[in-house]
Amino acid sequence: MRSVLAAVAVAAVLLAARAGSAQESSAGEHLFATCQACHSLDPAKRGMAGPHLAGLSGRRVGTAEGFDYSPALRAAGAQGLSWDEDRLKAYLADPEGMFKGSWMSAPGLAREADRAAVADFLMRQR
Ligand code: HEC
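Residues numbered from 1 in each chain as written. Predicted model: local features only at pLDDT ≥ 70, side-chain atom pairs only at ≥ 80, totals over all residues. Heavy atoms only, no water.

Student: Is there a simple way to think about the coordination of the iron atom of the ligand in this case?
Tutor: A metal bound by six donors in octahedral fashion has ideal angles of 90 or 180 degrees, whereas one bound by four tetrahedral donors has an ideal angle of 109.5 degrees. For the iron atom of the ligand, the full set of protein donor atoms is His-39 (NE2) and Met-104 (SD), at a range of 1.9 to 2.2 Å. Around the iron atom of the ligand sit six donor atoms, and with donor-metal-donor angles ranging over 83 to 179 degrees the site reads as octahedral. Residue His-39 is located in the loop between α1 (2-35) and α2 (71-78), and its partner Met-104 is located in the loop between α4 (95-98) and α5 (112-123); the two are separated by 65 residues in the primary sequence. Given the relative accessible area of 25%, Met-104 is considered partly exposed. (Donors = N, O, S within 2.8 Å, 3.2 Å for Na, K, Ca; no water. Tetrahedral: all angles 85-135°; square planar, octahedral: opposite > 155°, others 65-115°. Helix = DSSP H or I, 4+ residues; strand = E, 2+ residues; numbered from the N terminus. Buried < 20%, exposed > 50% of the residue type's maximum accessible area, 1.4 Å probe, protein only.)

Student: Sorry, what's going on with the pattern of salt bridges here?
Tutor: Pairing is possible between side chains of opposite charge, provided their charged atoms come close. Per the stated rule, a full pass over the model turns up two salt bridges. Its salt-bridge partner being Arg-111, residue Asp-114 comes within 3.1 Å of it at the nearest N-O pair. We note a salt bridge from Asp-120 to Arg-124, for which the minimum N-O separation is 3.0 Å. We classify Asp-120 as partly exposed; its relative accessible area is 31%. (Salt bridge = Lys/Arg side-chain N within 4 Å of Asp/Glu carboxyl O.)

Student: In this structure, what is going on with the site of the ligand? I would like to understand it.
Tutor: With respect to spatial proximity, 28 residues lie near the ligand, and among them Cys-35, Cys-38, His-39, Ser-70 and Met-104 are the closest. Within the contact set of the ligand, an oxygen atom lies 2.9 Å away from a side-chain nitrogen or oxygen of Arg-59. Between the ligand and the protein, one listed contact pairs an oxygen atom with a backbone N or O atom of Trp-103 at 2.7 Å. For the ligand, the cavity whose grid points lie within 2 Å of the majority of its atoms is the largest pocket. Residue assignment for the shell around the ligand shows that the elements contributing at least two residues are α1, α3 (85-93) and α5. If one sorts the elements of the shell around the ligand by residue count, α3 sits on top with three residues. A breakdown of the residues in the shell around the ligand according to their chemical character gives 20 nonpolar, seven polar and one charged. (Near = heavy atom within 4 Å. Polar contact = N/O pair within 3.5 Å; in protein donor to acceptor, adjacent residues only side chain to side chain. 1 Å grid on protein atoms, 1.4 Å probe; cavity = no way out; pocket = protein on both sides within 12 Å on 5 of 7 lines; lining within 4 Å. Sits in = over half its atoms within 2 Å of the grid points. Nonpolar A, V, L, I, M, F, W, Y, C, P; charged D, E, K, R; others polar.)

Student: I tried to follow α2 on my own but got confused; where do I start?
Tutor: Restricting attention to buried positions, one finds in α2 the residues Ala-72, Leu-73, Ala-76 and Gly-77. Along α2, the residues classed as buried sweep out an arc of 135 degrees about the axis, all on the same side. Across α2 from its buried face, at more than 90 degrees, point the exposed residues Pro-71 and Ala-78. (Arc of directions from axis to C-beta.)

Shown next, in the form of structure tokens:
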């Protein structure tokens, strides 16, 4: 009986922990599902339409290993531009406006709250 109670207690703690982390990330993570048609969070995954977005915080623009970027993104990276939360939010507001001639055909996100949620989520992915 004791061990059953202990197991129930452990399960309850695990569930609570999962609910906590899900609440924090749910909006951004949920929205990121639309990006995952083209972007992975796994650096080892190749063959997607877009570069992987793992460890994006502080990463230089256009430098995911193994991805063939447009000249527009390579030029931005060569100028030393790197990703932070504000740049990502601005990019998602108007991808083509930030990098003329970029190959990302997706339009970004129309709602400011959505951009903030996705940017927050991506900045926390290592
Ligand atoms: C239809 C496919 C597609 C979708 C959907 C898409 N992207 Fe992209 N994305 C790309 C491509 C292709 C590039 C590379 C662009 C280039 O080389 O000019 C890119 C580039 C990026 C970059 C620059 C990465 C780097 O290494 O500098 C970020 C950040 C990004 N996308 C974020 C997002 C987010 C966030 C979403 C969802 C809101 C999204 N993308 C949706 C195709 C897509």
